[in-house]
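# Inside the fold
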Amino acid sequence: MRADSDTGSTMPGVGLTRRALLAGAIATGAGAAGIATARTATAEETDPPGRSWSVISPGGRLHARLAWGPAGLTWAVNLHRRPVLLPSTLGLRLDSGAVLGPGATLTGFRRDRIHGHWTPAYGRRERLTEECAELQVDLVDPATNTAFSVILRAYDDGVALRYLLRNAPGDAVTIAAEQTRFRFPTGAVLWASRDESDYSAVSPGAIPVSSNGAGDNGSLADIPVTVRLADGGTACIAESAREHYPRLLLASVPDDADTVVSYLATSAQRGGGPIQSSFSVATPFATPWRTLIVGGSAADLVDRGDLVTTLARPSVLADTSWIKPGKAFRCNLTTAEGLAGVDFAAARGLQYVEFDAGWYGPENSPSSDATKPIPALDLGQIIEYGRSHGIGVILYVNRIAAERQLDQIAPLYQQWGVAGVKFGFLLEGTQEQNDWILNSIRTFGEHKLLVNTHDDLRPAGLERTLPNYITMEGVRGNEHFPTATHNVTLPFTRNVAGPMDYTICYAQSRDQTTNAHQLAMAAVYYSALEWIYWYAKPSQFATGYPELSWFDAVPTTWQESRALSGEIGEHVVVARRNGGTWFLGAMTNEQARTIEVGTDFLEHGEWQAHVYADGAPGSAPHGTPVVLSERTVRAGDTLRLDLAPSGGQAIRFERR
């Protein structure tokens, strides 16, 4: 819903093209554009050599600005008068070498207010706002006769920018690069990562040199990238609505220590597949959103990542009522282990069991057949047994098999009664690769199959467009037994921008954290499909482990979420509500610490707090016991959380 529109044209009688309302197939990225009424330009609009326009977020929190002049376009962002993004140049480079931006002729502008809310199929909150102010500036590049626009939106959670190519319907435009820059005030620090490495703190001009073994080599970082400003503010660079377009990375800019620039992938980021140095789109075409989520502090940033999902296109699936978030357990590849896994899942409050690589034989074989289970696995029996216990079955599928058998396996798995697929070793990067992935996810969705994508993939809000796209990896996962510092960096980096499959490894001797730290992950991290007890067997938990009541109760989707405290790489405390119960997770790095947080998130009255805390530190973090206790609390009380080195705490609050 829109209101408060304001349009203008710098050329009498020239119509202004409105924002493209993307529609149609994902495979083509086609859009439709409407026409708005223009007004005659005034002398003040035509005489000056340059122009600038501002938009202010609905609550007045963020102030964003576009400026145009002979040298091109820039954008800038302030948070309460504090600069977050200094004037940064914009542009698209075509394969001819021409750059859309410098020398462009201004033809019009439009301001809009967008109102309303939307309800996701699942998520960190049950209701999300679409309230924002929007500016569209229309231009023509005289050298190529390309009509294009820059669209800028200001939400209270952040700002978003995209380009709209407005040539005649069906015209082809071939793009070679994007030149959207992010110039930060001096002293900014980035938390950057490539592929599935740890995040490191670097200056914008010093992103480490890395390679994917193909064509994208240099000082490059995968998005999302989190920025800590010198004044204590935070921002997270992400993208949304990536359809029919390459994946975004960020590159350092030579001789500019405070700036990073958009870099469009030319090959798969894990390596593999052909190089695609340019790509074509049919106009009208809107590029993905370049999103700057803005937090006043590190904890504040965690609460604002839903903007990435909001910016994506609404669902293209006709029916999403069948989509069921939940917790999953990985079974060994025999019938007996599968049946035992179903029993374990039913007893422990899980919703799914999964069979990983090998259930249909060697996954990397070009002759692998994902329609035939190995002899040791009576899949039909397990699916039926699971159905009788309310437990769904998820199957791993390697890209190699899917490339040959997608049209066969999607309807077959639906016929079998399979609940979803874990889609592995995907190649994400180029326009062609991304189109294939989204087309595959849509095909699975049309056959009522959930999808969890694995390997080096990055969020772009597409769980709104394809709600069966329930989670993804794209992170150095917990199965690698990373450090506690890594674990308390992710809530402020990778997980801000979208769901993150992190495979909780409970009670594993290789863990570099306490067990309470692992418990807390289920509340701190967001993933609507959550893997619990990775590497474990049901027999491991046959006796003892009273703390598993936390995993039994914790859900994976929420009505409310609040980050209560946190610093990047140091600690994090998050509280989330499902129904009438609140779940709190706290995690620290290798340093023991005491954190005090308020309980203002609770409604008035008394609450029973079920506490799962670190006991006396063991000789190694994984040897630190979990101590259970209960206490009565009221809204407004202060909680004292004592965390062991590499430790954590989990608390379940229930109304008394």
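Residues numbered from 1 in each chain as written. Predicted model: local features only at pLDDT ≥ 70, side-chain atom pairs only at ≥ 80, totals over all residues. Heavy atoms only, no water.

### Some thoughts on the sheet that holds strand β28 (residues 279–282)
Inclusion rule: At least two bridges found by DSSP between two strands are what make those strands a pair. Helix and strand definitions here come from DSSP, where helices need a minimum of 4 consecutive H or I residues and strands a minimum of 2 consecutive E residues; each element is numbered from the N-terminal end.
With antiparallel pairing, four strands are arranged side by side in an open sheet as β11-β10-β18-β28. Only two strands of the sheet have a single partner each, and these edge strands are β11 (99–100) and β28. In this sheet, strand β18 (residues 172–178) lies alongside strand β10 (residues 92–94) in antiparallel orientation, the contact comprising three bridges. Across the sheet, R93 pairs through a bridge with A177, a residue of β18.

### Quick word on the packing of helix α4 (residues 335–347) against helix α5 (residues 379–388)
The test is simple: The axes are straight lines fitted to the C-alpha atoms, using for helices just the contacting stretch, and the angles between their N-to-C directions are given from 0 to 180°. Angles below 35 degrees are treated as roughly parallel, those above 145 as roughly antiparallel, those between 65 and 115 as roughly perpendicular, and all remaining angles as oblique. Only heavy atoms matter for contacts: two residues are in contact if any of them lie within 4.5 Å across the pair.
Orientation of α4 relative to α5, taken along the N-to-C sense of each, is 10°, at an axis distance of 10 Å. Looking at the two axes, α4 sits roughly parallel to α5. Two secondary-structure elements touch here, α4 through T335, G338, L339, V342 and D343 and α5 through Q381, I382, Y385 and G386.

### Side note on the confidence of the model for the protein chain
As a reminder of what qualifies: The predictor attaches a confidence to each residue, and that confidence, scored 0 to 100, is pLDDT.
The share of residues in the protein chain with pLDDT of 70 or more is 93%, and the mean pLDDT across the chain is 93. By mean pLDDT, the top-scoring element of the protein chain is strand β40 (residues 581–588) (99), and the lowest-scoring one is strand β5 (residues 35–36) (27). The low-confidence segment residues 10–48 (pLDDT under 50) makes 96 contacts with residues lying over four places distant or belonging to another chain.

### Notes on the sheet that holds strand β39 (residues 571–578)
Sheet strands pair via backbone hydrogen bonds, and the direction of the pair is either parallel or antiparallel. Pairing is antiparallel across the open sheet formed by six strands, whose spatial order is β38-β39-β40-β45-β42-β43. Only two strands of the sheet have a single partner each, and these edge strands are β38 (560–567) and β43 (626–634). Here the strands of the sheet are splayed against their neighbours by 15° on average, with no regard to which way each runs. Judged from the eight bridges that link them, β39 and β40 form a sheet pairing that is antiparallel. Bridged to R577 within β40 is W582. Taken strand by strand, helix α10 (residues 515–524) contacts β39, β40, β42 (606–614), β43 and β45 (648–655), and its axis lies near 130° from that of β40.

### Considerations on the packing of helix α6 (residues 399–416) against helix α7 (residues 431–446)
Keep this limit in mind: Crossing handedness follows the turn of the near helix against the far one: under a right angle anticlockwise gives a left-handed crossing, and clockwise gives a right-handed one. Only Asp, Glu, Lys and Arg are considered charged in this grouping, and only Ala, Val, Leu, Ile, Met, Phe, Trp, Tyr, Cys and Pro are considered nonpolar; every other residue, Gly among them, is considered polar.
Their axes nearest at 10 Å, the elements α6 and α7 cross at an angle of 35°. Note that α6 runs across α7; the crossing there is left-handed. Across the interface between the two elements, R399, A402, E403, L406, I409 and A410 of α6 pack against W436, N439, S440, T443 and F444 of α7. Partitioning the contact of α6 with α7 into residue classes produces six nonpolar, three polar and two charged.

### As for unusual backbone geometry
The phi angle of most residues is negative, glycine excepted, and most peptide bonds adopt the trans form. Omega for the peptide link from I223 to P224 comes to 0°, which places this bond in the cis form. Topologically, P224 is positioned in the loop between β23 (217–222) and β24 (225–228). The amide bond that connects T283 to the next residue, P284, takes the cis arrangement and shows omega of -5°. Tracing the chain through its elements places P284 in the loop between β28 and β29 (285–286). You will see that A507, though not glycine, has its phi angle at about 55°, which is positive. Relative to the helices and strands, A507 resides in the loop between α9 (484–487) and α10.

### Overview of the packing of aromatic side chains
Applicable threshold: In summary, the pairing rule links any two rings of Phe, Tyr or Trp, Trp by its six-membered ring, whose centres are within 6.5 Å, and it sorts them by plane angle into stacked for under 30 degrees, edge-to-face for over 60 and tilted for everything else. Type-normalised accessible area, obtained with a 1.4 Å probe on protein chains alone, sets the label of each residue: buried when under 20%, exposed when over 50%, and partly exposed for intermediate values.
Considering all chains together, one arrives at 26 aromatic pairs under this definition. With a centroid separation of 5.4 Å and an interplanar angle of 25°, the aromatic rings of Y413 and W416 are classed as stacked. Taken as a pair, Y413 and W416 lie in helix α6 at a separation of three residues, close to a single helical turn. Residue class for Y413 comes out buried when judged on its relative accessible area of 0%.

### Examining the side chain of T180
We apply this condition: Polar contact criterion, stated in full: a pair of N or O atoms within 3.5 Å, where within protein one must be able to donate a hydrogen and the other to accept it, and residues adjacent in sequence count only if both atoms are side-chain atoms.
Mapped onto the elements, T180 comes out in the loop between β18 and β19 (181–183). On the basis of relative accessible area, T180 is assigned to the buried category, the value being 0%. Of note is the side chain of T180, whose polar atom sits 2.7 Å from the side chain of Y163. One polar contact links T180 to E178, side chain to side chain, over a distance of 2.8 Å.

### Examining α5
Stated formally: The arc in question is the one traced by the directions running from the helix axis out to the C-beta atoms.
The complete set of buried residues in α5 reads L379, I382, I383 and G386. One side of α5 holds all its buried residues, which, seen down the axis, span an arc of 100°. On the buried face of α5, the contacting elements are α4, β32 (352–355), β33 (392–398) and α6. G390 sits one or two residues past α5 and shows a positive phi near 75°.

### Considering the pattern of salt bridges
We apply this condition: Any Lys or Arg side-chain nitrogen located within 4 Å of an Asp or Glu carboxyl oxygen qualifies as a salt bridge.
Applying the stated criterion across every chain yields a total of 40 salt bridges. With a closest N to O distance of 2.5 Å, R304 and D157 form a salt bridge. Note that R304 is positioned in the loop between α2 (298–302) and α3 (306–310) and D157 in the loop between β16 (146–154) and β17 (158–165), a separation of 147 residues in sequence. Residue classification places R304 among the buried residues on the basis of a relative accessible area of 15%.

### Side note on the pairing of strand β9 (residues 82–90)
Where a strand is regular, its side chains alternate between the two sheet faces. Strand direction decides the pairing type here: strand β8 (residues 72–79) and β9, joined by six bridges, are antiparallel. From the neighbouring strand, W75 faces β9, where its bridge partner is S88. Remark: two residues form the turn of the hairpin made by β8 and β9, two consecutive strands paired antiparallel; H80 in that turn has positive phi of roughly 45°.

### Focus: the environment of E196
If you trace the backbone, E196 turns up in the loop between β20 (189–192) and β21 (200–202). Given a relative accessible area of 13%, E196 falls into the buried group. In the structure, E196 is positioned 159 residues away from F355 in sequence and 23 Å away in space, judged by C-alpha atoms. When sequence neighbours within four positions are dropped, the list of residues in contact with E196 reads R270, D455, D456, R458, E473, G474, V475 and R476. A polar atom in the side chain of E196 sits 3.3 Å from the side chain of R270.

### Here's the deal with the nonpolar core
Let me state the cut-off plainly: Joining through side-chain atoms within 4.5 Å is the link that ties buried Ala, Val, Leu, Ile, Met, Phe, Trp, Tyr and Cys residues into a set, and such a set is a nonpolar core.
Residues Y413, Y533, W550 and F551 are the most contacted members of the largest nonpolar core, which totals 100 residues. With seven residues, α10 is the single largest residue contributor to this core. Counting 57 residues, the second-largest nonpolar core is a separate cluster that includes V84, L92, L100 and L165.

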